[in-house]
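Okay, here's what each chain looks like letter by letter:
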Amino acid sequence: MSTVKSRSRIYAVLNVLLPLFFAFLVGAVFTIIIGYNPLVVYTEIIKNAFGSMTGWMQTLGFATPLIMTGIATAFCFKAGLWNIGVEGQLYMGAMGAAIVGGGYFFFDKLPAGLHMVIAILVGALCGLIYAAIPALMKAYLSVNEVVTTIMLNYAATYFTAYLVKAHFQGSQTFDATEEVMAGAAIPKFLSRYRVTWAVILAVVIVLVIWFVEARTKFGYEISAIGRQLEFSEAAGMRVKKKILIIFLISGAIAGTAGATEILGVNKYFIPNFSTNPGLGWQGYFICVLSKHNPLAVLIIALIFGGFRYGSITVQSSMGIPLDLVNIIQGALIIFYSIQYVSDNTRIFKRMTAKLEAKRS
């Protein structure tokens, strides 16, 4: 029994590492095409992202929203609910936080400490409400959530852009809301770094979700619904209600990601503020690579954040296009869709048998 478990773990690790290897290989090919040594480029990216205090602080800043969008996606996927709409929920949360943080309506009268908290809560609420649309359609009308969530991403992007241009245009010469008031802004660790205190909130969310999934009855029900929805319904788990709750929690986390990015980093809402391919979409990549494991989400989000910051530094120092990151992320999804290693793959059976023989 232990041998079977050992092999399955090795297969699982290889099925993560091999797509990463081939994705970076694709990136290396494109790096060579534009006239650079991929080893030099990758070394510089890693060194800039993780080789200094500045690198770590900037990496944490880029990773913060990815931790939240990754865990928002993973929480739904754990239950077999394909919430591909985290990007849209993030946009709605960001817009809600920008309205509150920018002092629109009566929100400019709020005291400093309370102003920030309410702005974050409103952002979470906006994400939650927006997630309720596909949740209700899935739970009570059996509408495929993949279709509804993807379509709602585009709706959120265009709707928030309309709100900025038609109703919440700030004093800037470009399309944006008013700048977030000082009392609503999430403070940075140090002004020269991107990372804000929102990173603590992101880590707390991950730990709470991990605890819920691993140690509570609700977490067991989430896993059961993900494995066999019909059985869970027959067992009296009130699946429709659980689907709604899971989606709402996921939407609230996504809305929080948008809110903290606006309040802590951007300082106002700009249409299409979510960097290409989008913070929500990157959260999806992270979720897939982590196999829905909350702690793995945290680690992979740090890697993605570091690669984003490292790529920005080599873009400015070496002229490497930032699109290299997008190429690697796209290749990751393509290669990850292939199950490289299975129990019937002879070559890997031989490899794992040799490893087990050496270990014994």
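It should be noted that the structure appears before, not after, this text.
As the structure is a computational prediction, the values presented were derived from the model and not from experiment.

### Structural notes on the overall build of the protein chain
Here is step 1: What the protein chain contains, in helices and strands, is 14 helices and zero strands.
Here is step 2: Secondary structure elements of the protein chain, listed N to C terminal, follow the sequence α-α-α-α-α-α-α-α-α-α-α-α-α-α.
Here is step 3: Since a compact globule built from 360 residues should have a radius of gyration of about 21 Å, the 22 Å found for the protein chain is in line with a globular shape.
Here is step 4: In terms of overall dimensions, the protein chain has a C-alpha envelope of 70 × 60 × 30 Å along the principal axes.

### Quick notes on the packing of aromatic side chains
Here is step 1: The tally for this structure, following the rule as stated, stands at 17 aromatic pairs.
Here is step 2: With a centroid separation of 5.4 Å and 85° between ring planes, the pair formed by phenylalanine 24 and tyrosine 42 is classed as edge-to-face. In this pair, phenylalanine 24 sits in helix α1 (residues 2–33) while tyrosine 42 sits in helix α2 (residues 38–50), placing the two residues 18 residues apart along the sequence.
Here is step 3: Ring pairs connect the aromatic residues Phe77, Trp82, Tyr284 and Phe285, which therefore count as one cluster.

### Concerning the environment of glutamate 145
Here is step 1: Tracing the chain through its elements places glutamate 145 in helix α6 (residues 145–166).
Here is step 2: Exposure remark for glutamate 145: the relative accessible area of 3% places this residue in the buried category.
Here is step 3: For the pair formed by glutamate 145 and glutamate 230, sequence separation is 85 residues and the distance between their alpha carbons is 17 Å.
Here is step 4: Discounting chain neighbours no more than four positions away, the residues touching glutamate 145 are Gly80, Leu81, Trp82, Lys138 and Phe247.
Here is step 5: At 2.9 Å, the side chain of glutamate 145 and the backbone nitrogen of tryptophan 82 are in polar contact.
Here is step 6: Within the structure, the side chain of glutamate 145 is placed 3.2 Å from the side chain of lysine 138, a separation counted as a polar contact.

### Things to note about the environment of glycine 264
Here is step 1: With respect to the helices and strands, glycine 264 occurs in helix α10 (residues 239–266).
Here is step 2: Judged by relative accessible area, glycine 264 falls into the buried class, the value being 0%.
Here is step 3: A C-alpha to C-alpha distance of 7.5 Å links glycine 264 and alanine 198, two positions 66 residues apart in sequence.
Here is step 4: Residue contacts for glycine 264: discarding those within four places in its chain leaves Ile186, Lys188 and Thr196.

### Concerning unusual backbone geometry
Here is step 1: In this model, lysine 267 sits at a positive phi of 75°, which is unusual for a non-glycine residue.
Here is step 2: Summarising the element assignment, lysine 267 is placed in the loop between α10 and α11 (279–290).
Here is step 3: With a phi close to 55°, lysine 291 is a non-glycine residue in the positive phi region.
Here is step 4: Looking at the element boundaries, lysine 291 is found in the loop between α11 and α12 (294–318).

### Structural notes on the side chain of serine 311
Here is step 1: In this structure, serine 311 sits in helix α12.
Here is step 2: Among all residues touching serine 311, those that are not within four sequence positions of it are Ile45, Leu322 and Val325.

### Section: helix α5 (residues 112–141)
Here is step 1: Compared with the 44 Å implied by 1.5 Å per residue over 30 residues, the 44 Å span of α5 between its first and last C-alpha is a close match.
Here is step 2: The complete set of buried residues in α5 reads His115, Ala119, Ile120, Gly123, Ala124, Gly127, Tyr130, Ala131, Ala132, Pro134, Ala135 and Ala139.
Here is step 3: Of the surrounding secondary structure, the elements contacted by the buried residues of α5 are α4 (86–101), α6 and α10.
Here is step 4: Just downstream of α5 lies serine 142, where phi reads positive at about 55°.

### Examining the pattern of salt bridges
Here is step 1: Going through the model one piece at a time under the given rule, you end up with five salt bridges.
Here is step 2: Salt-bridge contacts for aspartate 175 lead to lysine 165; the nearest nitrogen and oxygen are separated by 3.9 Å. Taken together, the residues aspartate 175 in the loop between α6 and α7 (198–215) and lysine 165 in helix α6 connect sequence positions ten residues apart.
Here is step 3: For aspartate 175, a relative accessible area of 33% translates into the label partly exposed.
Here is step 4: For lysine 165, a relative accessible area of 52% gives the class exposed.

### Concerning helix α13 (residues 323–336)
An α-helical turn contains 3.6 residues, so any two residues separated by three or four positions project in the same direction.
Here is step 1: Between its first and last C-alpha atoms α13 spans 20 Å; for 14 residues at 1.5 Å apiece the expected length is 20 Å, and the two agree.
Here is step 2: Taken together, the buried positions of α13 are occupied by Leu324, Val325, Asn326, Ile328, Gln329, Ala331, Leu332, Phe335 and Tyr336.

### Thoughts on the packing of α7 against α10
Here is step 1: Here α7 crosses α10 at 165°, and the two axes come no closer than 11 Å. Comparing the axis directions of α7 and α10 gives the class roughly antiparallel. Our pair here, α7 against α10, has a crossing hand that is left-handed. Side by side, α7 and α10 meet where Ala198, Leu201, Ile205 and Ile209 of the first sit next to Ile249, Ile253, Thr256 and Thr260 of the second.
Here is step 2: Looking at the contact of α7 with α10 residue by residue, the class counts come to six nonpolar, two polar and no charged.

What counts, and where the lines are drawn
- Within each chain, residues carry numbers counting from 1 in the order of the written sequence.
- Two thresholds apply to this predicted model, a pLDDT of at least 70 for residue-level local features and 80 or more for giving and counting side-chain atom pairs, whereas whole-chain, interface and lining totals are computed over all residues.
- Side-chain metrics rest on all non-hydrogen atoms present in the structure, leaving aside hydrogens and water.
- Only DSSP runs of H or I with at least four residues qualify as helices, and only runs of E with at least two residues qualify as strands; both kinds are numbered from the N terminus onward.
- Just to be clear, the radius of gyration here is over C-alpha atoms, and the globule rule we use is 2.2 Å times residues to the power 0.38.
- Centres within 6.5 Å make a pair out of two Phe, Tyr or Trp rings, where for Trp the six-membered ring is used; the pair is then stacked when the planes are under 30 degrees apart, edge-to-face when over 60, and tilted otherwise.
- Buried means the residue's accessible area, taken with a 1.4 Å probe over protein chains only, is under 20% of the maximum for its type, while exposed means over 50%, and partly exposed covers the values in between.
- We call two residues in contact whenever any of their non-hydrogen atoms come within 4.5 Å of each other.
- Two N or O atoms form a polar contact when they lie within 3.5 Å of each other; inside protein one atom must be a possible hydrogen donor and the other a possible acceptor, and for residues adjacent in sequence the pair counts only when both atoms belong to side chains.
- Helices are assigned an expected span. That span is 1.5 Å times one less than the residue count.
- Salt bridge, as applied in this entry: a Lys or Arg side-chain nitrogen positioned within 4 Å of an Asp or Glu carboxyl oxygen.
- Lines fitted to C-alpha atoms define the axes here, with helix axes fitted over just the stretch in contact, and angles between the N-to-C directions of these axes take values from 0 to 180 degrees.
- Should an angle fall under 35 degrees it is called roughly parallel, over 145 degrees roughly antiparallel, and 65 to 115 degrees roughly perpendicular, with every other angle called oblique.
- In this scheme the crossing of two helices becomes right-handed for a clockwise turn of the near helix relative to the far one and left-handed for an anticlockwise turn of less than a right angle.
- In this count, Pro and Cys sit with the nonpolar residues alongside Ala, Val, Leu, Ile, Met, Phe, Trp and Tyr, while Asp, Glu, Lys and Arg are called charged and the others, Gly among them, polar.

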